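Analysis of the macromolecular model
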Amino acid sequence: MIEITDLTIKYNDTQILNHLNLNISKNETCAIIGPSGCGKTTLLYTIAGIRKATNGQIKINGEVLTTNRKETGVILQGYGLMPWKTVWDNASLGLRIRGVSKQEMNKQITAILSELDIYQHRNKYPSQLSGGQQQRVAIARALSIKPDLLLMDEPFSALDAITRESLQSLLIDLYHKMNITIVLVTHSIEEAVLLGKKIIIMHPSNGCVKRVIDNPHFGDHAFRNTTEFFQLCVEVRNEMEGLQEC
Ligand SMILES: Nc1ncnc2c1ncn2[C@@H]1O[C@H](COP(=O)(O)OP(=O)(O)O)[C@@H](O)[C@H]1O
Ligand SMILES: [Mg+2]
């Protein structure tokens, strides 16, 4: 679904991504992991069509990406909710921009807020919600447009461990229910191993992909308690600490 070829991004004269190549299949989840500053957000913004490539290209479903696509849902770091809008108005923003009728919008937003268990908070403002509830609103807004691709930047890193685990499980459930490709960026090894069917390890400083690991255990809720889970975490950690080049 996503073919990234020779992608190079520079900020002024500093090279952030460097001839990066990556393929992501349709209806797969892919976790991009790397230390802070290695270029994860830059890569995600470029896949979203928000940032332009200095060189190279991204194709989505065979088409060269030139701007943001209407079928891509994006959740930026820090949720990106508007503090002056209620849960309902934040969640329905995407559909309103797309000119969906009021009746259809009411139906869809009621369904997605119920699915995410936040319908009862629909008249509250973001500041009246916990971090986990705010993230649910951001997920509802991104999913309301029925995206074929969902991009998430460090979606659960600001949450406490219990809330994080329940939202990670929710994301796995949503993935199984919807025909969707998910690309998420994280600096957590455990999160990458839990949520990535494909785990993309970025080089800490060279702006390229160091290794791609296929994760056959993805999607199994019991996976996080198994020895295979911890083995895979160790494999990812060793790869991140290794000194070899891309
Ligand atoms: N708008 C910008 N202008 C200049 N440099 C930037 C800008 N955004 C990010 N950078 C730099 O690019 C590098 C990669 O940033 P980023 O993609 O945010 O990394 P990550 O998400 O992995 O932490 C960092 O060194 C950062 O300082
Ligand atoms: Mg980042």
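Here the structure is shown first, and the text comes after it.
I will try to describe carefully the structure that is included in this document.

**A word on the site of ligand 1**
Every residue near ligand 1 is listed here: Tyr11, Ile16, Pro35, Ser36, Gly37, Cys38, Gly39, Lys40, Thr41 and Thr42. Here an oxygen atom of ligand 1 and a backbone polar atom of Cys38 are 3.2 Å apart. Take Gly39: an N or O atom from its main chain is 3.0 Å from an oxygen atom of ligand 1. Against a free-state accessible area of 560 Å², the protein chains account for coverage of 55% of ligand 1.

**Focus: the pattern of salt bridges**
For the structure shown, the criterion picks out 9 salt bridges. In this structure, Glu165 engages Arg224 in a salt bridge whose closest nitrogen and oxygen atoms are separated by 3.8 Å. Pair noted here: Glu165 is in helix α6 (residues 161-177) and Arg224 is in the loop between β10 (209-214) and α8 (227-241), with a separation of 59 residues, a long-range link. Residue Arg224 is classed as buried on the basis of its relative accessible area, which comes to 17%. Of the charged contacts, one joins Glu235 and Arg211 as a salt bridge, the two residues approaching to 2.9 Å between their closest N and O atoms. Of this pair, Glu235 sits in helix α8 while Arg211 sits in strand β10; the two residues are 24 residues apart in sequence, bridging distant segments of the chain. Judged by its relative accessible area of 31%, Glu235 is partly exposed. Residue Arg211 is classed as partly exposed on the basis of its relative accessible area, which comes to 30%. A single network of salt bridges, built from pairs that share partners, joins Arg69, Lys70, Glu71 and Asp148.

**A short note on the sheet that holds strand β2 (residues 14-24)**
Here we have 4 strands laid out as an open sheet, ordered β2-β1-β4-β5, and antiparallel in their pairing. With partners counted over all chains shown, the strands left at the sheet margins are β2 and β5 (63-64), one partner each. In the sheet, strand β1 (residues 2-11) pairs with β2 via 7 bridges, with the strands oriented antiparallel. Within β2, the position partnered with Tyr11 by the bridge is Thr14. Each of β1, β2 and β4 (55-60) touches helix α1 (residues 40-48); the most contacted strand, β1, lies at about 120 degrees to it.

**Side note on the packing of aromatic side chains**
By the definition in use, this model includes 3 aromatic pairs. The interplanar angle of 75 degrees and the centroid separation of 5.3 Å between the aromatic rings of Tyr175 and Phe218 together place this pair among those described as edge-to-face. Here Tyr175, found in helix α6, pairs with Phe218, found in the loop between β10 and α8; they are 43 residues apart in sequence, far enough to count as distant. A residue is classified by how much of its surface remains accessible, and Tyr175, at 10% relative accessible area, is buried. Accessibility expressed as a relative area gives 12% for Phe218, which makes it buried. One aromatic cluster in this structure is built from Phe223, Phe229 and Phe230.

The rules we used
- The residue count restarts for each chain, going from 1 along the sequence in the order it is written.
- The order in which chains are written sets their letters, starting at A; the order in which ligands are written sets their numbers, starting at 1.
- Reporting in this predicted model follows two pLDDT cut-offs: at least 70 for local features of residues, and 80 or more for side-chain atom pairs to be given and counted; totals over whole chains, interfaces and linings ignore these cut-offs and use all residues.
- Side-chain figures throughout are based on the complete set of non-hydrogen atoms in the structure, without hydrogens or water.
- Proximity criterion: a residue is near a molecule or strand once any of its heavy atoms comes within 4 Å of it.
- Residues adjacent in sequence count toward polar contacts only when both atoms are side-chain atoms; beyond that, a polar contact is any pair of N or O atoms within 3.5 Å, and within protein one must be able to donate a hydrogen and the other to accept it.
- For the accessible areas, the method is Shrake-Rupley and the probe is 1.4 Å, while residue cover comes only from the protein chains on display.
- We define a salt bridge as a contact between a side-chain nitrogen of Lys or Arg and a carboxyl oxygen of Asp or Glu at a distance within 4 Å.
- Every helix listed is a DSSP run of H or I at least four residues long, and every strand listed is a run of E at least two residues long, numbered separately from the N terminus.
- Relative accessibility decides the category of a residue: with a 1.4 Å probe and only protein chains considered, values under 20% of the type maximum give buried, values over 50% give exposed, and everything between is partly exposed.
- Here the rule is simple: two strands pair whenever DSSP picks up at least two bridges between them.
- Every residue pair with non-hydrogen atoms within 4.5 Å of one another is taken to be in contact.
- Each axis is a line fitted through C-alpha atoms, and for a helix only the stretch in contact is used; angles between axes span 0 to 180 degrees, taken between their N-to-C directions.
- Each pair of aromatic rings taken from Phe, Tyr and Trp, with Trp reduced to its six-membered ring, is defined by centres within 6.5 Å and is described as stacked if the planes are under 30 degrees apart, edge-to-face if over 60, and tilted in the remaining cases.

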